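Chain and residue survey
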Amino acid sequence: MKKPKFDRPTFNEEVYAITRLIPKGRVSTYGAIAAAIEQTNRARMVGQALHICPAGTPAHRVVNRSGILTGKLFFGGNRMQELLEDEGVEVQDDRVVNFKTLFWSPLEEL
DNA sequence: CCCCTGACGGGCG
DNA sequence: TCGCCCGCCAGGG
């Protein structure tokens, strides 16, 4: 009884819930979301969850720790970048410009 | 059971 | 920030 079973369905819902809280024009990271639901070493699972996220989930606002749009390939073409730019987030070379200031932490700003 | 893969992250130089 | 190595962990072959 060391490790609590990994409840994929619940985990995914938690991820989507946090993701939906990311303000328009701001971005967050896989690790920050994982930390917010107390699953610090499961940043990768956050990625898996967003890969199959339901419509309406602003997954484009989630990037990696360097501000790189690691998931753009799953949006097709430049879709992820366009979605961000439509919200006023500047992107250059698959990376969020001013990432440090646009970063939104579910733990500190919630 | 072994091995590899991956929308990741921390530490180091 | 970049590159590199390594730890992490669920899935799939």
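Refer to the structure printed above.
So, a few notes on the structure that sits alongside this text. Computed from a prediction, not measured in an experiment: that's the story for all the values here.

Moving on: the protein's contact with DNA strand C. Near DNA strand C the following residues occur: F6, R8, N41, R42, R44, M45, S66 and R95. S66 places a main-chain nitrogen or oxygen 3.4 Å from a phosphate oxygen of DNA strand C. Within the side chain of R95, one N or O atom sits 2.8 Å away from a phosphate oxygen of DNA strand C. Partitioning the surface near DNA strand C into residue classes produces two nonpolar, two polar and four charged.

Now for helix 1 (residues 8-21). Taking 1.5 Å as the rise per residue, helix 1 with 14 residues should run 20 Å; its terminal C-alpha atoms sit 20 Å apart, in good agreement. Within helix 1, burial applies to F11, N12, V15, Y16, I18 and T19. All buried residues of helix 1 fall inside an arc of 165 degrees around its axis, so they share one side. Tucked inside the fold, the buried residues of helix 1 contact helix 2 (30-36), helix 3 (43-51) and strand 2 (62-63).

What follows is about helix 3. Among the residues of helix 3, those classed as buried are V46, A49 and L50. Here the buried residues of helix 3 occupy an arc of 95 degrees about the axis, which is enough to place them on one side. Looking at the buried residues of helix 3, the elements they touch are helix 1, helix 2 and strand 2.

A few words on the packing of helix 1 against helix 3. Their axes nearest at 9 Å, the elements helix 1 and helix 3 cross at an angle of 80 degrees. In terms of axis orientation, helix 1 runs roughly perpendicular to helix 3. On helix 3, the residues that touch R8, F11, N12, V15, Y16 and T19 of helix 1 are M45, V46, Q48, A49 and L50. Residue composition of the contact of helix 1 with helix 3, grouped by class: seven nonpolar, three polar and one charged.

How each quantity is defined
Residues numbered from 1 in each chain as written. Chains lettered and ligands numbered in written order. Predicted model: local features only at pLDDT ≥ 70, side-chain atom pairs only at ≥ 80, totals over all residues. Heavy atoms only, no water. Near = heavy atom within 4 Å. Polar contact = N/O pair within 3.5 Å; in protein donor to acceptor, adjacent residues only side chain to side chain. Nonpolar A, V, L, I, M, F, W, Y, C, P; charged D, E, K, R; others polar. Helix = DSSP H or I, 4+ residues; strand = E, 2+ residues; numbered from the N terminus. Expected span 1.5 Å × (residues − 1). Buried < 20%, exposed > 50% of the residue type's maximum accessible area, 1.4 Å probe, protein only. Arc of directions from axis to C-beta. Contact = heavy atoms within 4.5 Å. Axes fitted to C-alpha atoms, helices over the stretch in contact; angles between N-to-C directions. Parallel < 35°, antiparallel > 145°, perpendicular 65-115°, else oblique.

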